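Structural characterization, general
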Amino acid sequence: MSNSTPVTRSTPPLHSVSVAGAVVREDGRLLAIRRADNGTWELPGGVLELDETPQGGVVREVLEETGVRVEVERLTGVYKNLARGIVALVFRCRPAGGDARVSDEASAVEWLTPGEVRERMAEVYAVRLLDALDGGGPHVRAHDGRRFVS
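Residues numbered from 1 in each chain as written. Predicted model: local features only at pLDDT ≥ 70, side-chain atom pairs only at ≥ 80, totals over all residues. Heavy atoms only, no water.

Turning next to the nonpolar core. By size, the foremost hydrophobic cluster in this structure holds 18 residues, and its most contacted members are Ala22, Leu43, Val90, Val117, Met121 and Leu129. Breaking this core down by element, the ones donating at least two residues are strand 1 (16-23), strand 2 (30-35), strand 6 (86-98), strand 7 (106-112) and helix 3 (123-131). Here this core takes three residues from helix 3, the largest share from any one element. Beyond its immediate chain neighbours, meaning those up to four positions away, Ala22 contacts Leu43, Val90, Phe91, Arg92, Cys93, Arg128, Leu129 and Ala132. Counting 15 residues, the second largest nonpolar core, distinct from the first, contains Val62, Val68, Cys93 and Ala106. (Core = buried A, V, L, I, M, F, W, Y, C linked by side-chain atoms within 4.5 Å. Buried < 20%, exposed > 50% of the residue type's maximum accessible area, 1.4 Å probe, protein only. Helix = DSSP H or I, 4+ residues; strand = E, 2+ residues; numbered from the N terminus. Contact = heavy atoms within 4.5 Å.)

This is the structure we're talking about:
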């Protein structure tokens, strides 16, 4: 029998679940947005609503932010921001209609090459798109908001 006391929490940890679309065109270009609030380049996505499926949330978020309708293909990664308690589910998608356009949340919407993704995005966002291209996964990664941790 152990003499250690079990660890208890007075309040449960708070987590947020977000979804994002790694939208890949037939020519291999990837859909990316420049966020209107902070100017960073990221995948289109956002917080999953309580009453929607993860796949439904991806379709909604991508359409709201970019004007592009998508079909979800598969889950490619689960990413946790340890500093903010955000779990992000990333799904590879293919475009199914609509025209790319800016929105209240996206000051720019572009189809980028993998090289442009590496140049414009912080590592913790670029890897989410690049993971969707490798055919493996789903990948499970954690980061501190800036760098991945083991």
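So much for the structure itself; the text now carries on.
Another point: unusual backbone geometry. With omega at 10 degrees, the peptide bond leading from Gly137 into Pro138 counts as cis. Considering the arrangement of structural elements, one finds Pro138 in the loop between helix 3 and strand 8 (139-143).

Taken together, the three strands give an open sheet; going across it, the order is 3-2-7, and neighbouring strands pair in antiparallel fashion. Since the sheet does not close on itself, it has two edges, and those belong to strand 3 (41-42) and strand 7, each with one partner. Of the strand pairs in this sheet, strand 2 and strand 3 are connected by two bridges, and their pairing is antiparallel. Across the sheet, the residue bridging to Ile33 is Glu42, located in strand 3. Across the face of the sheet, helix 1 (residues 54-66) comes into contact with strand 2 and strand 7 while running at roughly 60 degrees to strand 2. (Pairing = 2+ DSSP bridges. Axes fitted to C-alpha atoms, helices over the stretch in contact; angles between N-to-C directions.)

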